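# Descriptive analysis of the structure
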Amino acid sequence: MTTVRFVFTIDYVAEILDEDVDLLREIISNDDNLTYGNIISVVTGDDESTSALADDGVDELRQMLSDARRSAETWQEFLDCFVLDEEIAARVKT
């Protein structure tokens, strides 16, 4: 396992990747979707936290999305597997 040098909030990752932040939140809501240790919860106060990704997690997510967008069919299959919220799926479908 590599040493985590940086973590990026999911909002910032959405900016970096030019992706819908809700889509990314849906993907990382299941920590089995990325390699162990790449999804990090950052405690910001009492009973408050935010999700962040390790630098390797950003790369893994970027590659995952790139692979999913190879065709309309693979993108639809990806959304069916990873996005439970139908409103988000409809918004990012195109």
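This structure is a prediction, so every number in the text was calculated from the model and none was measured. (Residues numbered from 1 in each chain as written. Predicted model: local features only at pLDDT ≥ 70, side-chain atom pairs only at ≥ 80, totals over all residues. Heavy atoms only, no water.)

## Regarding the overall build of the protein
The number of helices and strands found in the protein is five helices and three strands. Of the regular secondary structure in the protein, the N- to C-terminal order runs β-α-α-β-β-α-α-α. Scaling as 2.2 N^0.38, a compact globule of 94 residues should have a C-alpha radius of gyration of about 12 Å, and the protein matches this with 13 Å. Residue burial in the protein is summarised as follows: out of 94 residues, 32% are buried. Counting contacts in the protein only where the partners sit at least 6 residues apart, residues at least 24 apart contribute 53% of the total. Entry remark: accessible area of the protein is about 6,300 Å², with carbon and sulfur atoms responsible for 47%. Here the protein carries 7 positive and 23 negative side-chain charges, and the mean point of each set is 7 Å from the other. (Helix = DSSP H or I, 4+ residues; strand = E, 2+ residues; numbered from the N terminus. Rg over C-alpha atoms; globule rule 2.2 N^0.38 Å. Buried < 20%, exposed > 50% of the residue type's maximum accessible area, 1.4 Å probe, protein only. Contact = heavy atoms within 4.5 Å. Areas by Shrake-Rupley, 256 points an atom, 1.4 Å probe, with all protein chains shown as cover. Lys, Arg positive; Asp, Glu negative; His and termini not counted. Charge placed at Lys NZ, Arg CZ, Asp CG, Glu CD.)

## So, the packing of helix α2 (residues 21-28) against helix α3 (residues 55-68)
Two elements in contact, α2 and α3, have axes separated by 12 Å at closest approach and are oriented at 105 degrees. With respect to α3, the element α2 is oriented roughly perpendicular. Residue-level contacts link Leu 23, Leu 24 and Ile 27 of α2 to Leu 61, Met 64 and Leu 65 of α3. Here the contact of α2 with α3 is composed, by residue class, of six nonpolar, no polar and no charged. (Axes fitted to C-alpha atoms, helices over the stretch in contact; angles between N-to-C directions. Parallel < 35°, antiparallel > 145°, perpendicular 65-115°, else oblique. Nonpolar A, V, L, I, M, F, W, Y, C, P; charged D, E, K, R; others polar.)

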